[in-house]
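Chain by chain, the residues run as shown.
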Amino acid sequence: MPSKVNVDVEGRTLGLSNLEKVLYPETGTTKGEIIQYYTHAASALLPHLRDRPVTRKRWPNGVEEANFFEKNAPRGTPSWVRTAELPSPGSTMDRETVVYVMADDLPTLVWLANLAVLELHVPQWTVSADGVGTNPDRLVVDLDPGEPANVIQCCQVALLLGELFDDAGLPSYPKTSGSKGMQMYVALDGSATSDQVSAYARGLAQRLEGEHPKLVISRMERAARGNKVFIDWSQNNSAKTTVAPYSVRGRARPTVSTPLTWDEVEAGARSTATKRLPLQFDIDDVLGRLSDDGDLLEPMLSEAYALPAPDDA
C-alpha cells in the first residue's frame, strides 16, 4: 500500500497517509480501517455532530501509545473546514477563545480520521448561524459504574431513569459509552439554560440515589462509587462534552459508542455474564447494526421538549 494516496471526497481532494498503520494492536485494526468506518457511518454520525464544536482525542501512534485532547483547530487545517471561534472560560491554556472544528460534512470527518482522531466529543448545545452558542437542545446523563459494577448495573439504572423520564413526558434514548458505561439523551427545545438542565438532571439523580442507595450515587467523590453507578448529571454543564454517538473509542479494541433499543437495555439488566459483558460493539458490529436498523437515535433529531418545571421533577 502506498504511504500516501489522494482521494476525492465529495469534491474535496484529501491526502491520506499511513493507511496501513496499526492503531489497535490487539485487533490489528489500521488507520485505513478507521477511516473506512467513519466514511460508512457518516450518514448516521454527522447529524449528531452538526453545528456542535468538536473536541477531538488523538492517538497518532495507536491506542497503546500517548494520546491527547485537542480543541483548537490544528495547524494546516484546510480552508474549507468550517470552524467557530468561541469563548473558553477557565481554559487551562489561558486562552480567551478557542477556534473549534465543526465536523459538519464527510470531507471534514475523513480529514480528522486521517489525523488519527479516534474519539469525537461534543457539548449539548449548538452554534447558531452567527457563531454564538445556544441553550442546550438535549439533556444527557452519563452512567459511570464503579468497580465491580459494570454495564449490567448501568442498564438497571437506565431503566429506572427511563421511567422517570417517561413519567415527565420525555422520551429518552440510551446508548453505550463504548467504554465501561452508558449515556441517556432527551431532546430539548432550547428554552432552558445549561444550569437549569443540570439542576433538573441532578434532581433525578438524587431521587434515584435516595430510592436505590445500594445501586445509585449522585455525588462526585470517587471513593464512594464502589459497586454503584454514578449518575453524572454534570455533563449538562456548558463547558462539558460527551462522546458522540457512533464515535470510536481509544480502548484496546475499536469499540463504538452505540445507540441501543430499550429491549437491549432490559436484556442487559437481566444478564448474568461474568466474563464477556453484554452490549459491547466494535466498528464492524455497528456498521451491521446501521445496515439492519438505521440510526436508533434518529427520532431524537426531530424532537424538542420543554424541561419540566422543578416542582414536576
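See above for the structure.
Being a predicted model, the structure only gives us computed values, none of them experimental. (Residues numbered from 1 in each chain as written. Predicted model: local features only at pLDDT ≥ 70, side-chain atom pairs only at ≥ 80, totals over all residues. Heavy atoms only, no water.)

1. Description of the packing of helix α1 (residues 31-49) against helix α2 (residues 106-114)
Move 1: One can describe the packing of α1 onto α2 by two numbers: an axis separation of 9 Å at closest approach and a directional angle of 140 degrees. The orientation of α1 with respect to α2, classified from their angle, is oblique. Handedness of the crossing formed by α1 with α2: right-handed. Along its contact with α1, which presents Lys31, Ile35, Tyr38, Thr39, Ala42, Leu45, Leu46 and Leu49, the element α2 presents Leu106, Leu109, Val110, Ala113 and Asn114. (Axes fitted to C-alpha atoms, helices over the stretch in contact; angles between N-to-C directions. Helix = DSSP H or I, 4+ residues; strand = E, 2+ residues; numbered from the N terminus. Parallel < 35°, antiparallel > 145°, perpendicular 65-115°, else oblique. Left-handed = near helix turned anticlockwise from the far one by under 90°. Contact = heavy atoms within 4.5 Å.)

2. Concerning the nonpolar core
Move 1: Counting residues in each nonpolar core, the largest one holds 74 residues, and the members touching the most others are Leu120, Leu139 and Leu143.
Move 2: Here the element with the most residues in this core is α1; it accounts for 10 residues.
Move 3: Each of domain 1 (4-122) and domain 2 (135-280 + 295-302) gives at least three residues to this core.
Move 4: When residues no more than four places from it in sequence are discounted, the contact partners of leucine 139 are Phe165, Met184, Tyr185, Val186, Leu188, Val197, Tyr200, Ala201, Asn236 and Leu307.
Move 5: Listed in part, the seven residues of the second largest apolar core include Ala84, Tyr100, Met102 and Trp125. (Core = buried A, V, L, I, M, F, W, Y, C linked by side-chain atoms within 4.5 Å. Buried < 20%, exposed > 50% of the residue type's maximum accessible area, 1.4 Å probe, protein only. Domains from an automatic or database assignment.)

3. Looking at helix α4 (residues 194-211)
Move 1: For α4, built from 18 residues, the straight-helix expectation of 26 Å at 1.5 Å per residue is met to within 8% by its first-to-last C-alpha distance of 26 Å.
Move 2: Those residues of α4 that sit buried are Ser194, Val197, Ser198, Tyr200, Ala201, Leu204, Ala205, Leu208 and Glu209.
Move 3: Looking at the buried positions of α4, the neighbouring elements they touch are β10 (138-145), α3 (151-167), β13 (216-217) and β14 (229-232). (Expected span 1.5 Å × (residues − 1).)

4. With respect to the sheet that holds β10
Move 1: Sheet architecture is open: five strands sit in the order β11-β12-β10-β14-β13, paired in mixed fashion. If you trace the sheet from one side to the other, it starts and ends with β11 (173-176) and β13, each paired once.
Move 2: Sheet topology note: the β11/strand β12 (residues 182-187) ladder contains four bridges and is antiparallel. Paired with threonine 176 across the two strands is methionine 182, which belongs to β12.
Move 3: Across the sheet, α3 is in contact with β10, β12, β13 and β14; its angle to β12 comes to roughly 15 degrees. (Pairing = 2+ DSSP bridges.)

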